[in-house]
Amino acid sequence: MVNQLVVVFLGMVIGTLLLATMEWSTRFFGLLAILGSLTYLAIKLEQFYRQLTELHRLRDAYTQLDQQAKLIIRIDLELHRTQEELDRRLASLMSLQQLGRQLQVSLRPDEVFAKLDAAVVTNFGFAKGLLGMCPSFDTIEWRSLVGIKAQLAEDLKEHLRTSGFLKQILTQASPKTLTLGTASHPAERRLLELLGLPLAVVAGVIPHTGPGGCLVLGRATGGTATVRGDEELVAILANQLASAIENSALYEKAWGAQQELERKVRERTHELAQANTELVRLNAAKSNFVSAVSHELRTPLAAIKGYASLLNSGQFGALQPPQQERIAKIEKHADLLTRLINNLLDIARIESGRVTMERRPIPVGEFFTTVQEQVRPQLEMKHIRYEADLNGVKELVGDPQHLARVFVNLLSNAVKYTPEGGRVRMGLRREGEAILATISDTGCGITPEELPKLFQEFYRASGPVNQHVQGTGLGLALVKRIVEAHQGRITVTSEPGKGSTFSVTLPAS
Amino acid sequence: MSEAIGTGIGWSAQADAGHAGKEAAEMARAALPPRSPQLALVFGSSWFDQSSLLGGVHSVLGRTPLIGGSTAGEITPEGPSSHSCVILLLGSETLQWSVGIGEGVDGAPREGGQQAAYQAMQHFSGQQRIGFLLFGDGLASRYADVVRGIQEVLGTSSLVVGGLAGDDLRFSQTYQYCNDRVASGAVVGVLLGGTGKIGVGIEHGFAPISKPRRITRAHANVLHELDGQPATSVYEEYFGRDLMTQMQQTGFTRQRIAYPLGMRGETTDQWLLRNVVAFKEDGSLSCSGELLEGAWLQLMIGSRELALEAARQAAQDAIRSLQEVAAVLVFDSVARRTLLGERCAAEEVACIRHIIGPSVPLIGCYTYGEQAPLRTSAIAGRTAIQTGAVLVVAVGT
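The following paragraphs examine the structure supplied in this document. Since this is a predicted model, take the numbers as computed values, not measurements.

## A few points about the overall build of chain A
Point 1. The number of helices and strands found in chain A is twelve helices and 14 strands.
Point 2. Looking at chain A residue by residue over its 509 residues, the buried ones come to 37%.
Point 3. Long-range pairs, those at least 24 residues apart, make up 65% of the contacts in chain A between residues at least 6 apart in sequence.
Point 4. Only carbon and sulfur atoms are counted for the fraction: they give 58% of the accessible area of chain A, which is about 29400 Å².

## Some points on the packing of aromatic side chains
Point 1. For the structure shown, the criterion picks out twelve aromatic pairs over all chains.
Point 2. On the basis of an interplanar angle of 70° and a centroid distance of 5.0 Å, the ring pair of Phe-368 of chain A and Phe-407 of chain A is categorised as edge-to-face. Placement of the pair is Phe-368 of chain A in helix α9 (residues 364-381) and Phe-407 of chain A in helix α10 (residues 400-416), with a sequence separation of 39 residues. Here Phe-368 of chain A and Phe-407 of chain A have matching classes, each one buried.
Point 3. For the ring pair Phe-43 of chain B and Phe-135 of chain B, a centre distance of 5.0 Å and an interplane angle of 55° mean the geometry is tilted. Pair noted here: Phe-43 of chain B is in strand β2 (residues 38-45) and Phe-135 of chain B is in strand β8 (residues 129-137), with a separation of 92 residues, a long-range link.
Point 4. Given the relative accessible area of 3%, Phe-43 of chain B is considered buried.
Point 5. On the basis of relative accessible area, Phe-135 of chain B is assigned to the buried category, the value being 2%.
Point 6. An aromatic cluster is defined as three or more aromatic residues linked by ring pairs; in this entry it consists of Tyr-235, Phe-239, Tyr-259 and Phe-279 of chain B.
Point 7. Seen from the ring of Phe-126 of chain A, Arg-219 of chain A lies directly overhead, with NZ or CZ sitting 4.4 Å from the centre.
Point 8. The ring of Trp-47 of chain B has Arg-170 of chain B sitting right over it, with the charged end atom 3.6 Å from the ring centre.

## Description of the environment of Ser-125 of chain B
Point 1. Counting through the fold element by element, Ser-125 of chain B comes out in the loop between α3 (109-122) and β8.
Point 2. With 68 residues separating them in the primary sequence, Ser-125 of chain B and Gly-193 of chain B have C-alpha atoms 8.7 Å apart.

## A few points about the pairing of strand β12 (residues 186-194) of chain B
Residue and element names in this part refer to chain B.
Point 1. Within β12, nine of the nine residues are buried, which leaves it mostly tucked inside the rest of the structure.
Point 2. In this structure, strand β7 (residues 95-103) lies alongside β12, joined through nine bridges in antiparallel fashion. Bridge pairing in β12 places Val-99 opposite Val-190.

## Quick notes on the packing of helix α8 (residues 321-352) of chain A against helix α12 (residues 475-485) of chain A
Residue and element names in this part refer to chain A.
Point 1. Look at α8 against α12: their axes get within 10 Å of each other, and the N-to-C directions meet at 30°. With respect to each other, α8 and α12 are oriented roughly parallel. Of the two elements, α8 crosses α12, and the hand of that crossing is left-handed. Every residue of α12 that contacts α8 at Asn-343, Asp-346, Ile-347, Ile-350 and Glu-351 is listed here: Gly-475, Ala-477, Leu-478, Arg-481, Ile-482 and Ala-485.
Point 2. For the contact of α8 with α12, a count of residues per class yields six nonpolar, two polar and three charged.

## Here we look at the sheet that holds strand β3 (residues 66-71) of chain B
All names here are of chain B.
Point 1. Strand order in the open sheet made by the six strands is β1-β6-β2-β3-β10-β11, with mixed pairing throughout. Only two strands of the sheet have a single neighbouring strand rather than two, namely β1 (5-12) and β11 (181-183). Across this sheet, the average inter-strand angle for adjacent strands is 15°, counted without regard to direction.
Point 2. The sheet contact formed by β3 and strand β10 (residues 176-178) spans three bridges and is antiparallel. What sits directly across from Ile-67, in β10, is Cys-178.
Point 3. Contacts between helix α1 (residues 17-31) and the sheet are confined to β1 and β6 (85-92), with β1 contributing the most and set at about 150° to the helix.

## Focus: the sheet that holds strand β6 (residues 199-205) of chain A
Residues and elements named next belong to chain A.
Point 1. Ordered by their spatial adjacency, five strands build an open sheet running β4-β3-β7-β6-β5, and the pairing between neighbours is antiparallel. The two strands at the open ends of the sheet, each matched to only one other strand, are β4 (139-146) and β5 (176-179). Averaged over all pairs of adjacent strands, the angle between strand axes in this sheet comes to 20°, irrespective of strand direction.
Point 2. Relative to β4, strand β3 (residues 128-136) runs antiparallel, the two sharing six bridges. Across the sheet, the residue bridging to Gly-129 is Val-146, located in β4.
Point 3. The sheet contacts of helix α4 (residues 150-163) involve β3, β4 and β7 (212-219), and relative to β4 the element is tilted by about 145°.
Point 4. Where helix α6 (residues 186-195) meets the sheet, its contacts fall on β3, β5, β6 and β7, and the angle it forms with β5 comes to roughly 70°.

## Topic: the nonpolar core
Point 1. Ranked by internal contacts, the top residues of the largest apolar core, which has 67 residues, are Phe-43, Ile-215, Leu-223, Tyr-235, Phe-239, Leu-329 and Phe-331 of chain B.
Point 2. When residues of this core are assigned to their parent elements, the largest contribution, five residues, is made by helix α5 (residues 231-239) of chain B.
Point 3. Apart from the residues within four sequence positions on either side, Phe-331 of chain B is in contact with Phe-43, Leu-133, Phe-135, Gly-162, Gly-163, Cys-365, Thr-367, Glu-370, Ala-389, Val-390, Leu-391 and Val-393 of chain B.
Point 4. In this structure, Ile-439, Ile-446, Val-479 and Phe-502 of chain A belong to the second largest nonpolar core, which totals 48 residues.

## Details of the environment of Ala-114 of chain A
All names here are of chain A.
Point 1. Of note, Ala-114 is situated in the loop between α2 (109-112) and α3 (118-123).
Point 2. Separated by 17 residues in the primary sequence, Ala-114 and Leu-131 have C-alpha atoms spaced 7.5 Å apart.
Point 3. Residues in contact with Ala-114, not counting those within four places in the same chain, are Arg-143 and Ser-144.

## Here we look at the packing of helix α7 (residues 230-313) of chain A against α8 of chain A
Residue and element names in this part refer to chain A.
Point 1. α8 packs onto α7 with a crossing angle of 155° between their chain directions and a minimal axis gap of 8 Å. Compared by their axis directions, α7 and α8 come out roughly antiparallel. Of the two possible hands of crossing, α7 and α8 adopt the one that is left-handed.

## Structural notes on α9 of chain A
One full turn of an α-helix is made of 3.6 residues, so residues set three or four places apart face in the same direction.
Residues and elements named next belong to chain A.
Point 1. With 18 residues, α9 extends 26 Å between its outermost C-alpha atoms, agreeing within 8% with the 26 Å of an ideal straight helix rising 1.5 Å per residue.
Point 2. At Val-375, α9 shows its strongest bend, of approximately 50°, with the proline Pro-377 following within four residues.
Point 3. Regarding α9, the residues found buried are Val-364, Phe-367, Phe-368, Val-371, Val-375 and Leu-379.
Point 4. Lining the buried residues of α9 we find β8 (360-363), β9 (385-389), β10 (395-398), α10 and β11 (423-431).
Point 5. Positioned one or two residues after α9, His-383 has a phi angle of 50°, which is positive.

## Notes on empty space enclosed by the protein
All names here are of chain B.
Point 1. In total, this model carries three cavities of 30 Å³ or more according to the counting rule given.
Point 2. Taken as a whole, the largest cavity spans an internal volume of roughly 90 Å³.
Point 3. Taken together, Ser-210, Lys-211, Arg-213, Leu-226, Val-234, Tyr-235, Tyr-238, Leu-261, Leu-297, Gln-298 and Leu-299 make up the lining of the largest cavity.
Point 4. Those elements giving two or more residues to the lining of the largest cavity turn out to be α5 and β22 (296-301).
Point 5. Of the residues contributing to the lining of the largest cavity, the split by class is seven nonpolar, two polar and two charged.
Point 6. Space inside the second largest cavity adds up to approximately 40 Å³.
Point 7. At the level of elements, β2, β3 and β8 are the ones that each hand at least two residues to the lining of the second largest cavity.
Point 8. The greatest single-element share of the lining of the second largest cavity, amounting to three residues, is contributed by β8.
Point 9. Of the residues that constitute the lining of the second largest cavity, the class distribution is seven nonpolar, one polar and no charged.

Quick notes on the rules
Residues numbered from 1 in each chain as written. Chains lettered and ligands numbered in written order. Predicted model: local features only at pLDDT ≥ 70, side-chain atom pairs only at ≥ 80, totals over all residues. Heavy atoms only, no water. Helix = DSSP H or I, 4+ residues; strand = E, 2+ residues; numbered from the N terminus. Buried < 20%, exposed > 50% of the residue type's maximum accessible area, 1.4 Å probe, protein only. Contact = heavy atoms within 4.5 Å. Areas by Shrake-Rupley, 256 points an atom, 1.4 Å probe, with all protein chains shown as cover. Phe/Tyr/Trp six-rings, centres within 6.5 Å; stacked < 30°, edge-to-face > 60°. Lys NZ or Arg CZ within 6 Å of the ring centre and 35° of its normal. Pairing = 2+ DSSP bridges. Axes fitted to C-alpha atoms, helices over the stretch in contact; angles between N-to-C directions. Parallel < 35°, antiparallel > 145°, perpendicular 65-115°, else oblique. Left-handed = near helix turned anticlockwise from the far one by under 90°. Nonpolar A, V, L, I, M, F, W, Y, C, P; charged D, E, K, R; others polar. Core = buried A, V, L, I, M, F, W, Y, C linked by side-chain atoms within 4.5 Å. Expected span 1.5 Å × (residues − 1). Bend = angle between axes of the 7 residues up to and from the residue. 1 Å grid on protein atoms, 1.4 Å probe; cavity = no way out; pocket = protein on both sides within 12 Å on 5 of 7 lines; lining within 4 Å. Points joined across faces, edges and corners; volume = space filled by probe spheres on them.

Written out as structure tokens, the structure is:
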């Protein structure tokens, strides 16, 4: 009997083992050993093959992953590129905003040209920058240098000036990008060579008023990516600089005008001060002159009055009524002249500071009784009603003699200009740290035109009443000076036909 | 705050360099209780006239020892800043320090590092050294050699931490300050000693995204071949021909720093980040740090969340071993600020501030590179050059 045994390796028949019935012998055991080895070999070979297949599969997967990594990297790089562009745009815009704020406070055009700093240049994505003021097409004064040494700046200035490139920059409407690959004109290539950079943007700063300028920005190879739209951003920067120059030029002009105005005001003030000093000097001279003349007049006037009095006394024989009448007129006019001279002298003394005002408490009741006594004859003569309201004020502070002259003068005036049967009122009241005294009458009043002139020396109102009322025109002038010498103030309100009110304010202490 | 170490910080954003330096120095001096001796760490914008800036600082601080440099942005306690100056003034009887400068690091980096460390060692009077804080030219191509030079003088077990000076992403010229000197192409450092401690935390938060490639040919910071292919062609596979052409012509800094290269050796568990600085005509890539043949390289990707978590982690690592924190310095990669944007960059500083506590004085700057020992076991204790990382340095007891 023969048994057939098929040996299969990896699904394929690789052999057949014929096993015949035979005796158990040495050959049989040898054959069995071969069979076992073959079987082991077959199993191992299958294991290696499966591992190899797995390795191939893993390698393919790894390669696929690496391919995917390449795709991811390229997509990610594009994202980086976009992000970089966005970052730079954002930085440029923020820089423009910050620069705008700084430019707002630039007061002079040359300050504007000094505002280009490293932060602005780098935020715009550039490595070097120059900004200069150009008073003409062949002049540049660099005011900002970023990443540029002084010697290079000089070389660039010389190149721009001599090549005529500066004029081109200052007359072109928008910025121009120069690259080593595209720069056609030798002057453009030379500019890039001098900068040592492959790319530059040049722009004119062209304001409507004020000096123009030249802006040069350069980018290094190792820097950030070249981005479309650089020219637009640089154009905005150049326009912003131009606007700032216009504003600062206008400001400078306005500032200059203001300075000129202030200079003229100072000049006029100085002239006025000089004129005032001269006036003060002349006024003092006038006062001295009036004082001197008045003194000189008083002596002959005293003689005239003396002799008139002697004649009137009859010492030189009885006088006829017409003679008495004439002598009385001489005495009356001499008295008037004396008052005039005394008033003039007092005004001159007060103005020159030769009169010292006493400052002492004055009991009000007694004081105004004395004042009223002095005008009583006039009051009674014209049947004028006099009212005094002291409102509890107990005292005034000042020089009693001079203040008596003030109130006698004011009351006397009130009586003079008040028609018969009228009313004159004197009122006192305390107002804070001051005493206010008012003298009101029901007289003819004063026109508004005449009110400001009332306290001038020798001024007399032109109303018909004055035709009949005698006066020197010095009374109110003297009153004003005495009141002011007491650190007081006098004012008047009036309505023609209804009366006037003089208000005297004096310090209460 | 530590009572043994007095600190005062100041900052100013005045447009005039001299005024900015003076104002920041006055503010720092006013905040520091009167102590002697003092040390000033000064970081200023590269846009300033550097001599005028230091002139302003010295007009207030006189002959106080000073180191620092220009930056790619400054960090004040209020957050990220630009076109400004920040100052940390240390005053302590228990700390000792000595400053040094090494020049010509682009031509002879190892010698430059040795010179800076040797100068600092020569004038150092303390018994115990606690670390060397350095600030070097961020445009130097072989900065790993500078650090090697420093460690050759100080010993490899010495803690060496610091940042690379920047120039506000202009990649033209950076500046280093040492006392009243302003230098370029130099490394400046201060050797600190005494009873204080320095805590360090450095993290980046980037994760691999591409399949790993083996560095088959590299020299210093130049990557020639990956898996036997020119490095540029591999780079191009991921970025596409158009973008590569644009990057070669116009920069595209943001795109390059968004996907740094991550390098990892067979035995290390941390990624060292490298930025591509330039594309060379021979198909090689010039990178921001040294590359090792045989190491694995992958493109890395970052996210806002990972970046903020990295900042938290770095701050926690920095203060972990300190009982009292006197002040914190932050050297943050400018790549992170660019990628995060201003708002998130401010969040990052706020995260650090939250971890260290509101009363601890904090200043810093944005750098072109960061140097600190990594936690990894394979290179533990050795200072590695990172890019795209946030380095938090805490000074205290």
